[in-house]
Amino acid sequence: MTKEQERQYKPKIIRGKINIPYRDWKEYREEYRGQGFTVSDYKNMQKADQYFNGLELYLSSWDYDHHSSWHLYNWDKSIDERVKLALYHAEQFSPFPAYRDDFEGFCEDWEAGEYSPGATYTFQHCQVEVLEVLQEEENNIDHERVQKAVRQAREAEYQKRRRERATKKKYRPKRRK
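Predicted model, so just to flag it, every value in this text is computed and none were measured.

**Some remarks on the packing of helix α4 (residues 80-92) against helix α5 (residues 103-111)**
Phase 1: The contact between α4 and α5 brings their axes to 11 Å, and the two run at 135°. Here α5 runs oblique to α4, going by the angle between their axes. In the packing of α4 onto α5, the handedness of the crossing is right-handed. Counted together, D80, V83, K84, L85, L87, Y88 and E91 of α4 and F103, F106, C107, W110 and E111 of α5 form the full contact between these two elements.
Phase 2: Its residues assigned to classes, the contact of α4 with α5 comprises eight nonpolar, no polar and four charged.

**Some words on unusual backbone geometry**
Phase 1: Of note, the phi angle at H67 is positive, near 55°, even though the residue is not glycine.
Phase 2: Among the secondary structure elements, H67 is positioned in the loop between β3 (56-61) and β4 (70-74).
Phase 3: The backbone phi angle of D101 is positive, close to 55°, even though this residue is not glycine.
Phase 4: If you trace the backbone, D101 turns up in the loop between α4 and α5.

**A few points about the pairing of β3**
Phase 1: Here strand β2 (residues 12-18) runs beside β3; their pairing, made up of six bridges, is antiparallel. Opposite I13, over in β3, you have S60 as the bridge partner.
Phase 2: Strand direction decides the pairing type here: β3 and β4, joined by three bridges, are antiparallel. Each residue of the ladder has a partner; that of S60, found in β4, is H71.

**Remarks on helix α3 (residues 39-52)**
Phase 1: The terminal C-alpha atoms of α3, which comprises 14 residues, lie 20 Å apart, in line with the 20 Å expected from a rise of 1.5 Å per residue.
Phase 2: Turning to α3, its buried residues are D41, Y42, N44, M45, Q46, A48, D49 and F52.
Phase 3: As for α3, its buried residues are in contact with β2, α2 (25-31), β3, β4, α4 and β5 (122-123).
Phase 4: Among the residues trailing α3, G54 stands out with phi positive, at a value near 90°.

**Notes on the nonpolar core**
Phase 1: Within the largest apolar cluster, 28 residues are counted, with the highest numbers of intra-cluster contacts made by F52, L57, L59, L87 and F123.
Phase 2: Elements with a minimum of two residues in this core: β2, α2, α3, β3, β4, α4 and α5.
Phase 3: For this core, the leading source of residues is α4, giving five residues.
Phase 4: Residues in contact with F123, not counting those within four places in the same chain, are I18, I20, F52, L57, L59, S69, W70, L72 and V128.

**A closer look at the pattern of salt bridges**
Pairing between side chains becomes possible if they bear opposite charge and their charged atoms approach one another.
Phase 1: The final tally for this structure, using the stated rule, is eight salt bridges.
Phase 2: With a closest N to O distance of 2.7 Å, E56 and R15 form a salt bridge. Of the two residues, E56 sits in strand β3 while R15 sits in strand β2, which places them 41 residues apart along the sequence.
Phase 3: Of the residues examined, E56 reaches a relative accessible area of 37% and is grouped as partly exposed.
Phase 4: Given a relative accessible area of 22%, R15 falls into the partly exposed group.
Phase 5: For E81, the salt bridge identified is with K84, shortest N-O distance 3.3 Å.

Reading the values: rules and limits
- Per chain, residue numbering runs from 1 following the sequence as it is written.
- With pLDDT at 70 or above as the cut-off, local features in this predicted model cover only qualifying residues; side-chain atom pairs require 80 or more to be listed or tallied, and sums for whole chains, interfaces and linings still use all residues.
- Only hydrogens and water are set aside; all other atoms, that is, all heavy atoms of the structure, feed into the side-chain values.
- The convention used is that axes are lines fitted to C-alpha atoms, helices contributing only their stretch in contact, and that angles between N-to-C directions extend from 0 to 180 degrees.
- By definition, any uninterrupted DSSP run of H or I lasting at least four residues is a helix, any uninterrupted run of E lasting at least two residues is a strand, and each is numbered from the N terminus.
- Each angle gets one of four labels, with under 35 degrees taken as roughly parallel, over 145 as roughly antiparallel, 65 to 115 as roughly perpendicular, and the rest as oblique.
- Less than a right angle of anticlockwise turn of the near helix away from the far helix marks a crossing as left-handed, whereas a clockwise turn marks it as right-handed.
- Whether two residues are in contact is decided by their heavy atoms: any pair within 4.5 Å suffices.
- Basically, the charged four are Asp, Glu, Lys and Arg, the nonpolar ten are Ala, Val, Leu, Ile, Met, Phe, Trp, Tyr, Cys and Pro, and anything else, Gly included, counts as polar.
- Criterion used throughout: strands pair if DSSP finds at least two bridges between them.
- Each residue after the first adds 1.5 Å to the expected span of a helix.
- Each residue gets one of three labels from its accessible area relative to the maximum for its type: buried under 20%, exposed over 50%, partly exposed in between, using a 1.4 Å probe on protein chains only.
- By convention a nonpolar core is built from buried Ala, Val, Leu, Ile, Met, Phe, Trp, Tyr and Cys residues, the set being connected through side-chain atoms within 4.5 Å.
- For this document, the term salt bridge refers to a Lys or Arg side-chain nitrogen within 4 Å of an Asp or Glu carboxyl oxygen.

Given below as structure tokens:
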């Protein structure tokens, strides 16, 4: 990959303060009704939000989700413990938790720098007070070229399957005499 290709897209990055009003877990249940969460999940959502509340974090905004939310990007070392606790509680309501009820394992991986969340933690726009813009979005992607490459890849895959089908021996039962 060339340096030019690496610089084709940069998300907007800000330093922002998280402002999440306190809500009872029952309010989370109302908001996420019908999505398969349990009472324990709602309580963990509440805890995660309250650990994040008031923190100044580095957040990013991306074109791929149409800038629908702020994504957790980074944080200062001084608040590492609160972010760790928030993300542990977020792990508890994740659809694919790696650390369900395993705080010790989570902490070991966190301290070793091996923790990798299964998804991006996001915040609604109304929950973030923008304090400073650190990087403006830069989108130099040639969308026509990308669409052309996608069409070419699909056509190549179609032709490959077509050739494979054409060269396969077809099974024909032997006729009995």
